[in-house]
Structure formats: structure tokens, C-alpha cells
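Chain by chain, the residues:
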Amino acid sequence: MNQVVHKLSAPFPHLIVENMYNQEELNLIWEELNFLTKPQKFLQNDPGTSINVTGISESKSKSIYLDYIYKERSTSNILTVNKKLFYGGYLHIFSQISPLCSSAKIQSLDRTKIRYYENDDEYLPHIDHYNYTCITFFYKKPKLFDGGELYFPEYDYTVNCDDNHMIIFPSCILHAAKKITLNEEHSFSGNGRYSMMQFLTWK
């Protein structure tokens, strides 16, 4: 599969990478996603989920922080494979788009969360309390759901959640996940949309 990198300065600086992971890497990622996709493993509202001013969660999806469940990163397929973000040169490319992104190449720490969206799941507009947010989308084929696009309401800008596509943007930019439509018979079947978030910061 051919990888394509898009350096985009409008409507805000962001980087999109098509086919972020090769087939061998994808096999490792899916091995772990399939293992994790059980009701008792994914949480409806983990401690890192954004809440509104009334204390209500902004999200109707399920998630899990991988860094909280693995003492050693090497134990996890995903936490091993997704270090590609650091050694693949993507942060350096992203840092060249705008002065707003210039510190991306010196980020030294990431927190990885997996979020799983099924029928009627969405994530209302929110910001992330990190420096940069990297999201990679995954879903099984044939695709059985509709919706789930990444939406930036301040710019009325939408990014499709294509499988194995990654986006990096400043965490301070308001973003949301549009509602998913998926037949309820596929609950926890793994046929919904997965997001792998890597939140970047310094040690």
C-alpha cells in the first residue's frame, strides 16, 4: 500500500497521512483491537474523557488508555507499533507547516487511548489538554457503519475517518466525532469505528 502525506495549512495547520501503517503493522494492531473489544474492557467514560460545564461526559463512545493497563510498552502490539509516529519523520514534517507546530518535533512523550464507536456513539466538541493530538482511524471491511467523521466546528471543516488514515493537529483546536450509525446487532462485534489517539507532550 502506498503512503501519501498531505501537509495542510488551512483552515488550520494539520498533517494527514494515508496508509499510515503497513500490512504487518496493521496485523499487529488488529490482533490487539480484537482482544480488547469486549464490554468489560472498554469503559463508557474513562477518567480522561472530556466533560461539559455541568459535569456530563461529552462522549457516547467507549475507550481505554493503554498506558494505564500495560506496565511495559513492549507488552502491547499497539504501543510498540505506534512509536512509528516518532521515528518515521512525521512530527518533523508537521513541524514545518506553521510556527504553531514548530515544537512538534521535540515532543518526547505520548499517551495512547483507543476509542470505539458503535451505533449512536459520538463525541461532542472538545479540546485535548495536551500539545498535539494524533488520531489514526481503523475499521473492518466491508465497512458497516455510516458517519463518524472528525469535525472541527470553529472552521466548519470535516475530515473523513478513512481506514488507516492519520491526522495530527494542535490539541487546542475544538474537534468532535460525528454520530455513528451501525445496526445494533453488531454491538461489540468490532465492526464500528476505532480511533487510536496519541496525545503528545513533554516529559
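The coordinates are above.
Residues numbered from 1 in each chain as written. Predicted model: local features only at pLDDT ≥ 70, side-chain atom pairs only at ≥ 80, totals over all residues. Heavy atoms only, no water.

(A) Spatial organisation of helix α1 (residues 23-36). When the terminal C-alpha atoms of α1 are compared, their 20 Å separation across 14 residues agrees well with the 20 Å that a helix rising 1.5 Å per residue should span. Taken as a whole, α1 has its buried residues at Glu25, Leu26, Ile29, Trp30, Glu32, Leu33 and Leu36. One side of α1 carries all its buried residues, which in axial view fall inside an arc of 165°. Exposed side chains of α1 directed beyond 90 degrees from the buried face belong to Glu24 and Glu31. With a side-chain oxygen positioned 3.2 Å from the backbone nitrogen of glutamate 24, the residue opening α1 is asparagine 22. (Helix = DSSP H or I, 4+ residues; strand = E, 2+ residues; numbered from the N terminus. Expected span 1.5 Å × (residues − 1). Buried < 20%, exposed > 50% of the residue type's maximum accessible area, 1.4 Å probe, protein only. Arc of directions from axis to C-beta. Polar contact = N/O pair within 3.5 Å; in protein donor to acceptor, adjacent residues only side chain to side chain.)

(B) Representation of the sheet that holds strand β5 (residues 123-126). The sheet built from four strands is open, its strands ordered β5-β11-β8-β9 with antiparallel pairing. Each edge of the open sheet carries a strand with a single partner, namely β5 and β9 (157-159). Taken over all neighbouring pairs, the strand axes of this sheet differ in orientation by 20° on average, direction set aside. Pairing of β5 with strand β11 (residues 175-177) involves two bridges; the strand directions are antiparallel. (Pairing = 2+ DSSP bridges. Axes fitted to C-alpha atoms, helices over the stretch in contact; angles between N-to-C directions.)

(C) Layout of the layout of surface pockets. Taken as a whole, the largest pocket encloses approximately 260 Å³ of empty space. In terms of lining, the largest pocket is formed by 23 residues, of which the most central are Tyr123, His126, Asp128, His175 and Phe199. The set of elements that each furnish at least two residues to the lining of the largest pocket consists of β4 (109-117), β5, β6 (132-138), β11 and β13 (193-201). For the lining of the largest pocket, the per-class residue count stands at twelve nonpolar, seven polar and four charged. (1 Å grid on protein atoms, 1.4 Å probe; cavity = no way out; pocket = protein on both sides within 12 Å on 5 of 7 lines; lining within 4 Å. Points joined across faces, edges and corners; volume = space filled by probe spheres on them. Nonpolar A, V, L, I, M, F, W, Y, C, P; charged D, E, K, R; others polar.)

(D) Layout of the pairing of strand β1 (residues 4-8). Relative to strand β2 (residues 14-18), β1 is paired through five bridges, and the arrangement is antiparallel. By the bridge assignment, lysine 7 is partnered in β2 with leucine 15.

(E) Spotlight on the sheet that holds β2. Here we have seven strands laid out as an open sheet, ordered β1-β2-β10-β6-β13-β4-β3, and antiparallel in their pairing. Pairing within the sheet leaves two strands with one partner each, and these edge strands are β1 and β3 (62-65). Direction aside, the axes of adjacent strands within the sheet are offset by 15° on average. Pairing geometry for β6 and strand β10 (residues 166-170), over five bridges, is antiparallel. Looking at the pairing, threonine 136 lines up with methionine 166 of β10. Packing against the sheet, α1 makes contact with β3, β4, β6 and β13, and its axis sits at approximately 85° to β6. (Contact = heavy atoms within 4.5 Å.)

(F) Spatial organisation of unusual backbone geometry. Backbone torsion omega between alanine 10 and proline 11 reads 0°, so that peptide bond is classified as cis. Mapped onto the elements of the fold, proline 11 is located in the loop between β1 and β2. Here the bond from lysine 141 into proline 142 is cis, since omega is 5°, no more than 30 degrees from zero. By the element assignment, proline 142 lies in the loop between β6 and β7 (146-147). A positive phi angle, close to 65°, is found at asparagine 164, a residue other than glycine. Tracing the sequence through the fold places asparagine 164 in the loop between β9 and β10.

(G) Spatial organisation of the packing of aromatic side chains. Within the structure shown, the criterion is met by 13 aromatic pairs. Judged by centre distance (4.6 Å) and plane angle (55°), the ring pair of phenylalanine 12 and phenylalanine 152 falls under tilted. Within this pair, whereas phenylalanine 12 is found in the loop between β1 and β2, its partner phenylalanine 152 is found in strand β8 (residues 150-152), the two being separated by 140 residues in sequence. For the pair shown, phenylalanine 12 and phenylalanine 152 are each scored as buried. Measuring from ring centre to ring centre gives 5.5 Å for phenylalanine 94 and tyrosine 132, while their planes differ by 90°; the resulting arrangement is edge-to-face. Residue phenylalanine 94 is found in helix α5 (residues 90-95), and its partner tyrosine 132 is found in strand β6; the two are separated by 38 residues along the sequence. Of the two residues examined, phenylalanine 94 and tyrosine 132, each falls in the buried class. One aromatic cluster in this structure is built from Phe12, Phe152, Tyr155, Tyr157 and Phe169. One Lys or Arg, lysine 178, reaches over the ring of tyrosine 151 and ends 4.8 Å from the middle of that ring. Of note, arginine 193 hangs over the ring of tyrosine 117, and the distance from its end group to the ring centre comes to 4.5 Å. (Phe/Tyr/Trp six-rings, centres within 6.5 Å; stacked < 30°, edge-to-face > 60°. Lys NZ or Arg CZ within 6 Å of the ring centre and 35° of its normal.)

Shape descriptors only; they carry no functional weight alone.
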